[in-house]
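Below, each chain spelled out in residue letters.
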Amino acid sequence: MSKRTELADFLRSRRARLQPEEVGLAPGHRRQTAGLRREEVALLAGISVDYYIRLEQGRGPQPSEQVLSALGRTLRLTGDEHDYLLRIGGRPPAPRPGAPAGPPPNVLRLLERLGAVPAMVINVCWDVLAWNHMLAALIGDPSDVPARERNTLRWLFGSPTLPPDHTEFARQAVADLRASARHPDDPNVRRLVSELSAASPLFAELWAEREIEVPRTVTKRAVHPVVGEIELDCEILPLPGGEHRLVLYTAAPDTPSHHALQALSSMARRDG
């Protein structure tokens, strides 16, 4: 999908979710359009109706940063959504050429120093690139599967049924995939989206909703085969350069989950 087409689809989806009263307009009668009308968006953003229509039809000229920002304010976009709008509008700088595919050595050293904290490094496609011993103790050793299959989204959407307590994480992960991709026509993103859309109706549904959200803290619950039920806060921290994120799993002090992590740490040290 081209950036122009994605921009058009994104504008339509965000226009449809707003009601007139949310932006200070009278609701009126006999509205046949879901959400705002195109004319209303153009008026509020200070651009011509014809220009906005062409943007939604995927045939307009490349909008300026000022126009994109005005549309972001009009459509009540979140900070993550506004950043995404700028990217698909072609206004941010292109990714640095020759950016490394794997995490830099200093990040790998950091992973090993986080001895008591399960941690891993992922890229924008949620490929697991590196991990420490505690992560292997928590979820199993990623090196036991081929490199292509070390992908959190493939693990999440590859099973026939998704556990109920994973639904919110699934939504956030898909919204992050759309938000984090620097270009909507990135070949790696396109391949992953195509594969998961064909394999998982839930992924296809979530992707079509065009939610944009970069997750910061996600609570995850699981049943570990040794320490039993465990509830962890999953922190997803961006690393310099924007290509990689550091994922950390922690538990509140003096909770059963914290004690479970301590037990896993002892196991990891003994087995290591």
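Residue positions are given per chain, counting from 1 as you read along its sequence in written order. Whole-chain, interface and lining totals are the exception, using all residues; otherwise, since this is a predicted model, local features are given only for residues with pLDDT of at least 70 and side-chain atom pairs are given and counted only at 80 or more. Water and hydrogen atoms were dropped before computing side-chain values, which therefore reflect all heavy atoms in the structure.

Q: When you look at helix α1 (residues 3-16) in this model, what are you seeing that I'm missing?
A: Structural remark: α-helix, 3.6 residues per turn; residues separated by three or four positions point the same way. Between its first and last C-alpha, α1 extends 20 Å over 14 residues, near the 20 Å set by a 1.5 Å rise per residue. Restricting attention to buried positions, one finds in α1 the residues E6, L7, A8, D9, F10, L11, R14 and R15. Only heavy atoms matter for contacts: two residues are in contact if any of them lie within 4.5 Å across the pair. What counts as a helix is a DSSP run of H or I of at least four residues, what counts as a strand is a run of E of at least two, and both are numbered from the N terminus. The inward-facing, buried residues of α1 abut α2 (38-45), α3 (49-56), α4 (65-74), α5 (79-88) and α9 (167-180). How far a helix is expected to stretch is found by multiplying one less than its residue total by 1.5 Å. For each residue, the accessible area found with a 1.4 Å probe, counting protein chains only, is set against the maximum for its type, and the residue is called buried under 20%, exposed over 50%, and partly exposed in between.

Q: Looking at this structure, I do not really get the side chain of N123. What am I missing?
A: By the element assignment, N123 lies in strand β1 (residues 119-123). Excluding residues that lie within four positions of it along the chain, N123 makes contacts with L129, E243, H244 and R245.

Q: What is the right way to look at empty space enclosed by the protein in this model?
A: Unfilled space is identified by rolling a water-sized probe across the atoms. Cavity: a set of points on a 1 Å grid over the protein atoms alone where a 1.4 Å probe fits but cannot get out. Pocket: an open set with protein on both sides within 12 Å along at least five of seven lines, its lining residues, like those of a cavity, having an atom within 4 Å of a point. Grid points are joined across faces, edges and corners, and a volume is the space filled by probe spheres set on the points. A full pass over the atoms with the stated rule returns one cavity of 30 Å³ or more. Considering only enclosed or pocket space, the largest cavity measures out at about 30 Å³ in volume. If you trace the largest cavity, you find it lined by M120, W126, T152, F169, K220, C234, I236, V247 and Y249. Of all the secondary structure elements, the ones that give two or more residues to the lining of the largest cavity are β4 (228-238) and β5 (244-250). When its residues are assigned to classes, the lining of the largest cavity shows seven nonpolar, one polar and one charged. Each residue is assigned to one of three groups, with Ala, Val, Leu, Ile, Met, Phe, Trp, Tyr, Cys and Pro labelled nonpolar, Asp, Glu, Lys and Arg labelled charged, and all others, Gly among them, labelled polar.

Q: What should I look at first to understand the packing of helix α10 (residues 187-199) against helix α11 (residues 201-208) in this one?
A: Packing of α10 against α11 leaves a shortest axis separation of 5 Å and a crossing angle of 125°. The angle between α10 and α11 places the two elements in the oblique class. As α10 packs across α11, the resulting crossing turns out to be left-handed. For the pair formed by α10 and α11, the contact residues are V193, L196, S197 and A199 on the first element and P201, F203, A204 and W207 on the second. When its residues are assigned to classes, the contact of α10 with α11 shows seven nonpolar, one polar and no charged. A fitted line through C-alpha atoms represents every axis, and for helices the fit uses only the stretch in contact; the resulting angles, taken between N-to-C directions, go from 0 to 180 degrees. Relative orientations are named as follows: roughly parallel for angles under 35 degrees, roughly antiparallel for angles over 145 degrees, roughly perpendicular for angles from 65 to 115 degrees, and oblique for any other angle. Should the near helix be turned anticlockwise from the far one by less than a right angle, the crossing is left-handed, and should it be turned clockwise, the crossing is right-handed.

Q: Just checking my understanding: could you explain the nonpolar core for this structure?
A: Here is a general trend for soluble globular proteins: nonpolar side chains tend to be buried in one another's company. Core analysis: the largest hydrophobic core is formed by 37 residues, its most contacted members being L153, F157, F203 and Y249. Every residue in contact with F203, bar those within four places of it in the chain, is listed here: F157, V174, L177, V193, L196 and S197. In this structure, F10, V67, L68 and I212 belong to the second largest nonpolar core, which totals 25 residues. To form a nonpolar core, buried Ala, Val, Leu, Ile, Met, Phe, Trp, Tyr and Cys residues must be joined to one another through side-chain atoms within 4.5 Å.

Q: Help me understand the packing of aromatic side chains, please; the structure alone is not making it clear to me.
A: For any pair of aromatic rings, geometry is given as the distance between the ring centres together with the angle between the planes. Two rings from Phe, Tyr or Trp (for Trp, the six-membered ring) form a pair when their centres sit within 6.5 Å of each other. Planes less than 30 degrees apart are called stacked, planes more than 60 degrees apart edge-to-face, and all others tilted. Scanning the model with the defined rule gives four aromatic pairs in all. Where W126 meets F169, the ring centres are 5.8 Å apart and the plane angle is 70°; that geometry is what we call edge-to-face. Here W126 is found in the loop between β1 and β2 (128-131), whereas its partner F169 is found in helix α9, with 43 residues between them in sequence. Summarising the burial analysis for this pair, W126 and F169 share the class buried. An angle of 80° between the planes, with centres 5.3 Å apart, marks the rings of F157 and F203 as edge-to-face. Placement of the pair is F157 in helix α8 (residues 152-157) and F203 in helix α11, with a sequence separation of 46 residues. When sorted by exposure, F157 lands in the same class as F203, which is buried. Taken together, F157, F203 and W207 form an aromatic cluster joined through their ring pairs. Taking NZ or CZ as reference, R178 lies 3.9 Å from the ring centre of W207, over its face. Lysine NZ or arginine CZ positioned within 6 Å of the ring centre and within 35 degrees of the ring normal marks a charge as sitting over the ring.

Shape descriptors only; they carry no functional weight alone.
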